Amino acid sequence: MIDNNELISKLAREVPLSMAEAHELDQVLGASEVVASFVRQVPDEEPSLAWRSALNERLIAHHAPKRTTVRQWGMVGFGSAVAVAASIFFLTKPVPPKGGSLATSANAEQILLDAHRANVFALSTGAGDGSEPIQAKTVNADYQWTEADLGAF
Amino acid sequence: MSVIFGVARLTNRERLDASAELALVEQCRRKNFEAFGKIIDAYQARVIGFVRRMVATSEEAEDIAQEVFIRAYQGMDRFDGRSSLRTWLFRIAYNLCVDNARKRQRAVPEASFDESEGSLEMPDHRWDPEAQVLDAELRTVVEEAIGTMSEKLRTVLLLHDKEEMGYDELAGILDVPVGTVKSRLFLARSHVQKAVEVYRS
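Procedures and definitions
- Residues numbered from 1 in each chain as written.
- Chains lettered and ligands numbered in written order.
- Predicted model: local features only at pLDDT ≥ 70, side-chain atom pairs only at ≥ 80, totals over all residues.
- Heavy atoms only, no water.
- Helix = DSSP H or I, 4+ residues; strand = E, 2+ residues; numbered from the N terminus.
- Buried < 20%, exposed > 50% of the residue type's maximum accessible area, 1.4 Å probe, protein only.
- Areas by Shrake-Rupley, 256 points an atom, 1.4 Å probe, with all protein chains shown as cover.
- Phe/Tyr/Trp six-rings, centres within 6.5 Å; stacked < 30°, edge-to-face > 60°.
- Core = buried A, V, L, I, M, F, W, Y, C linked by side-chain atoms within 4.5 Å.
- Contact = heavy atoms within 4.5 Å.
- Polar contact = N/O pair within 3.5 Å; in protein donor to acceptor, adjacent residues only side chain to side chain.
- Buried area = accessible area lost by both parts, 1.4 Å probe.
- Salt bridge = Lys/Arg side-chain N within 4 Å of Asp/Glu carboxyl O.
- Nonpolar A, V, L, I, M, F, W, Y, C, P; charged D, E, K, R; others polar.

On to the overall build of chain A. On a plain count of helices and strands, chain A comes out with six helices and zero strands. Looking at chain A as a whole, 18% of its 153 residues are labelled buried. With the model as given, the accessible surface of chain A reaches about 11500 Å², and the carbon-plus-sulfur share is 63%.

With that settled, consider unusual backbone geometry. Backbone geometry places Glu164 of chain B, a non-glycine residue, at a positive phi of 55°. Summarising the element assignment, Glu164 of chain B is placed in the loop between α6 (151–162) and α7 (167–174).

Below, the discussion takes up the packing of aromatic side chains. Summed over the entire model, instances satisfying the criterion amount to five aromatic pairs over all chains. Centroid distance Trp51 of chain A to Phe69 of chain B: 6.3 Å. Interplanar angle 75°. Geometry classified as edge-to-face. Here Trp51 of chain A, found in helix α4 (residues 49–92), pairs with Phe69 of chain B, found in helix α3 (residues 58–74), and the two come from separate chains. Taking the relative accessible area as the measure of exposure, Trp51 of chain A reaches 2% and is therefore buried.

On to the nonpolar core, then. Grouped together as the largest cluster of nonpolar side chains are 73 residues, with contacts concentrated most on Phe36, Ile39, Phe50, Val51, Phe69 and Val192 of chain B. Ignoring any residue separated from it by four or fewer positions in sequence, one finds Val51 of chain B in contact with Ala61, Ile64, Ala65, Ala93 and Cys97 of chain B.

As a further point, take the side chain of Glu21 of chain A. Note that Glu21 of chain A resides in helix α2 (residues 19–31). Here the side chain of Glu21 of chain A touches Lys10 of chain A through a polar contact of 2.9 Å, side chain to side chain.

Across the boundary between the two partners, chain A contributes 41 residues, which contact 64 residues of chain B. When the two sides are added together, the surface that chain A and chain B hide from each other amounts to roughly 5000 Å², 65% of it contributed by carbon and sulfur. On the chain A side of the contact with chain B, Phe38, Trp51 and Arg52 of chain A bury the most area, a combined 15% of that side's loss. Linking chain A with chain B are seven salt bridges, by the criterion used here. Summed over the shared surface of chain A and chain B, the number is 17 residue pairs in polar contact (both at pLDDT 80 or more). Counting residues per element, the ones that place at least two in the side of chain A that touches chain B are α1 (4–13), α2, α3 (33–41) and α4 of chain A. Ranked by residue count, the leading element in the side of chain A that touches chain B is α4 of chain A, at 12 residues. Taken together, the residues of the side of chain A that touches chain B break down into 20 nonpolar, 10 polar and 11 charged.

This is the structure in structure tokens:
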């Protein structure tokens, strides 16, 4: 038989029990249900309405800031997303080369006007047939002047 | 904001069955206040009763009990359903009580166990559990005995004998082996038994 004091000492120190001691402990616990029934009969504490009301207020208070925070972070997130999207758009947008083929509408209009004037001038002076683009002749030192050329002068 | 928690009240200590509990938890995750009100209704008296016996004053107990439900509401998404809602709530309550004791460094006057008194012998079987009804005086004796035992023993006694939790459940909450739970329960019951014997003698 296990000495009771030895078991008590082990229980108080929370050291592992042998199989026999564990069995004895189970038996003692099973036989001490009367004490458990005393504890069971100890009443619960019914909360007051004030307590419940205060709890509701605290719950609402904890809920409300969370929603505000979520909304604020949502706005910040949306703003950031828009900013990032705009940055990506401008960074990836093809930049027209300066003096390249793309021209502003004002330039295009000026080019068309100049071409029209040149065409009218060509038709009125008889230079060119009006359908061919007017091209300046390159005159260099090796050019051989013909009689026609000289006659034109 | 006209939100009212606990419109549909449950009677005190009315147990929620597992499926009803899970349904309520699911509604709470969708921030259904009324569902959480039902959970409060079902557990508030027991949680307050437990916390009240774990801390020094009623004010502390009420504050901590409120904190239990606030944390539960906030952490409902983390409740995985592996344990019951009751176990989860009492785990929160227990942890808050331990934190509170640490903060206040409240030294619980642990009742020394006098081995020579022999009060750890087998209980007197002439005590018929069914016939033992606590009168007001005996209730006070039991309450005082619970109040003067160490926090470790008190926790096990209240959660096992009052809240009817199993050894495994308790071992999970306290993070100790089952054998330790049994040891503490035995010592706690012996302490109460000794107090009752003194009263009766």
